[in-house]
Amino acid sequence: MRLAKSAPWLRAAVLLPALLLPFGLAHAGKTLDQIRQRSQLSCGVSTGVIGFSSVDSQGNWRGLDVDVCRAIAAAVLHDPDKVKYVPLNSQQRFTALQSGEVDILSRDTTWTLTRDASMGLSFTAVTYYDGQGFLVPKKLRLTSAKQLKNAEICVQSGTTTEKNLNDYFKAQGVRIKPVVFEKFESAIKAFFSGRCQAYTTDASALAFIRSKEAAKPDDYQVLPELISKEPLAPVVRRGDDEWFAIVKWVVFALIEAEEYGVTRKNVETMKASPNPAIGRLLGSAEDSGKPLGLDRDWAARAVGAVGNYGEIFQRNVGADSPLKLARGLNALWNKGGLMYAPPIR
Ligand SMILES: N[C@@H](CCC(=O)N[C@@H](CS)C(=O)NCC(=O)O)C(=O)O
């Protein structure tokens, strides 16, 4: 555009936002404004996947995905309890985020190109690297998913699971019959009543379905094949870069805290650490909250509320949980895994 020759009103329209930019940069974003106004984070979760998001016997939401929302609430609202949980099944989840019903979707949701590029949404940072597997009754004596020729396989709709299932067997030249359910509960009920010979979903959820939903877990086994990549990540609406940055960096802070040995218990004493990286993370050496529109204690509060990524993993899905999932791909990058936070500086 040749601005010098343009009409004065056009010049003003183009230049005014540029002049306001320095002030705009200090602004925290409209999603955060709304969250602060209502003093509550609205967090979209699943309808009940133990380890990730489910209600415990005392009526509290628990899980790795729930802890991500608690960490964010601690960072932005100074209170991990100021979260409203909205249970959403696979079909409902994206509309709830697009319509503004939730501020964030923190719920077993795989980062894919189509979801990230064409739905008005942005995936933030991976919180769990998963893969799709199969749960089968042991009495079928199967040793490989490739033996599922002509099998009926129960699967939930609106998922990557449904698509991968078709792709995988198409590539093998093997015919199978997907039996599709909209509701999670109906899908697992159908499988355990014998409607299907196999149930397929993310391997982390299979561990929960086998240990918690089967009358006799020992009658079932997970087959060795993982047929897909399922990087699970919290999702936000597009168009609010400040909120996008906050969610991303809270997740990174939890990972960075594990890397530097900052835990829920020692977070206060670690503020005195001579290590500059810890001083930046915890706001004692440098104010890492300012660029995010937050105060300097944002990350310390997040870690103080839920612990570092390793603690979150262990409590919800790892050694201290009924699922006993191995860290595997979810170990830190310097321990053979993929969990890697860009530098907080
Ligand atoms: N990661 C896959 C599957 C996610 C998914 O929705 N899985 C089901 C089966 S475990 C689930 O979480 N259901 C719980 C619900 O619908 O509330 C995706 O993003 O499409």
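Residues numbered from 1 in each chain as written. Predicted model: local features only at pLDDT ≥ 70, side-chain atom pairs only at ≥ 80, totals over all residues. Heavy atoms only, no water.

### Here's the deal with the side chain of Ser42
Working step 1: Tracing the sequence through the fold places Ser42 in strand β1 (residues 41–45).
Working step 2: For Ser42, the side chain forms a polar contact with the main-chain oxygen of Glu101, separated by 2.9 Å.
Working step 3: For Ser42, the contacting residues outside a window of four places in its chain are Lys84, Val86, Glu101, Val102, Asp103 and Ile104. (Helix = DSSP H or I, 4+ residues; strand = E, 2+ residues; numbered from the N terminus. Polar contact = N/O pair within 3.5 Å; in protein donor to acceptor, adjacent residues only side chain to side chain. Contact = heavy atoms within 4.5 Å.)

### Description of the packing of helix α7 (residues 184–192) against helix α8 (residues 203–213)
Working step 1: Look at α7 against α8: their axes get within 12 Å of each other, and the N-to-C directions meet at 65 degrees. Classified by chirality, the crossing of α8 by α7 is right-handed. Where α7 abuts α8, its residues Phe184, Ile188 and Phe192 lie against Phe208, Ile209 and Glu213.
Working step 2: Classifying every residue of the contact of α7 with α8 by side-chain character gives five nonpolar, no polar and one charged. (Axes fitted to C-alpha atoms, helices over the stretch in contact; angles between N-to-C directions. Left-handed = near helix turned anticlockwise from the far one by under 90°. Nonpolar A, V, L, I, M, F, W, Y, C, P; charged D, E, K, R; others polar.)

### Regarding unusual backbone geometry
Working step 1: One non-glycine residue with positive phi stands out, namely Ser39, at about 55 degrees.
Working step 2: With respect to the element layout, Ser39 can be found in the loop between α2 (30–38) and β1.
Working step 3: Phi at Asp108 is positive, roughly 25 degrees, even though this residue is not glycine.
Working step 4: If you trace the backbone, Asp108 turns up in the loop between β5 (104–105) and α5 (113–118).
Working step 5: You can call Asp108 buried: its relative accessible area is 13%. (Buried < 20%, exposed > 50% of the residue type's maximum accessible area, 1.4 Å probe, protein only.)

### Describing the site of the ligand
Working step 1: Around the ligand, the structure places 22 residues, and the nearest of them are Thr47, Ser90, Thr110, Gln156 and Thr160.
Working step 2: Within the side chain of Thr47, a nitrogen or oxygen atom sits 2.5 Å from an oxygen atom of the ligand.
Working step 3: Here Arg115 contributes a side-chain N or O atom positioned 2.9 Å from an oxygen atom of the ligand.
Working step 4: Protein chains shield 100% of the accessible area of the ligand, which is 500 Å² for the free molecule.
Working step 5: Its residues assigned to classes, the shell around the ligand comprises five nonpolar, eleven polar and six charged.
Working step 6: Residues lining the shell around the ligand come from more than one domain, with at least three contributed by each of domain 1 (30–129 + 232–335) and domain 2 (132–228). (Near = heavy atom within 4 Å. Areas by Shrake-Rupley, 256 points an atom, 1.4 Å probe, with all protein chains shown as cover. Domains from an automatic or database assignment.)

### Here we look at the sheet that holds strand β8 (residues 132–137)
Working step 1: Within the open sheet, the five strands sit side by side as β10-β9-β11-β8-β12. Their pairing is mixed. Where the open sheet ends on each side, the last strands, each with one partner, are β10 (177–181) and β12 (220–222). Pairwise comparison of adjacent strand axes, ignoring direction, gives a mean angle of 30 degrees for this sheet.
Working step 2: Two strands pair when backbone bridges link them, and strand β9 (residues 152–156) and strand β11 (residues 198–202) are joined in this way by two bridges, in the parallel orientation. Across the sheet, Ile153 pairs through a bridge with Ala198, a residue of β11.
Working step 3: Sheet strands in contact with α8 are β8, β11 and β12, and its direction is about 130 degrees off that of β11. (Pairing = 2+ DSSP bridges.)

### Quick look at the state of the cysteines
Working step 1: In total, this model carries two disulfides according to the counting rule given.
Working step 2: With its sulfur 2.1 Å from that of its partner, Cys43 forms a disulfide with Cys69. Taking the sign of the S-S torsion, about 80 degrees here, the bridge from Cys43 to Cys69 comes out right-handed. Taken together, the residues Cys43 in strand β1 and Cys69 in helix α3 (residues 64–77) connect sequence positions 26 residues apart.
Working step 3: The partner cysteine of Cys154 in its disulfide is Cys196, sulfur to sulfur 2.0 Å. Torsion about the S-S bond of the Cys154 and Cys196 cystine: about 75 degrees, corresponding to right-handed handedness. In this pair, Cys154 is assigned in strand β9 and Cys196 in the loop between α7 and β11, connecting sequence segments 42 residues apart. (Disulfide = S-S within 2.5 Å.)

### Let's talk about the environment of Arg70
Working step 1: Structurally, the position occupied by Arg70 is in helix α3.
Working step 2: A C-alpha to C-alpha distance of 6.6 Å links Arg70 and Asp81, two positions eleven residues apart in sequence.
Working step 3: In contact with Arg70, not counting residues within four places along its chain, are Pro80, Asp81, Val83, Tyr85, Ala305 and Val306.

### Digging into the pattern of salt bridges
Working step 1: Taken as a whole and judged by the stated rule, the model has twelve salt bridges.
Working step 2: Two residues, Arg195 and Glu152, come together in a salt bridge whose shortest N-O distance is 3.2 Å. A residue pair is termed long-range when its members are at least 10 positions apart, and Arg195 in the loop between α7 and β11 and Glu152 in strand β9 qualify at 43 residues.
Working step 3: By relative accessible area, Glu152 is classed as partly exposed at 24%. (Salt bridge = Lys/Arg side-chain N within 4 Å of Asp/Glu carboxyl O.)

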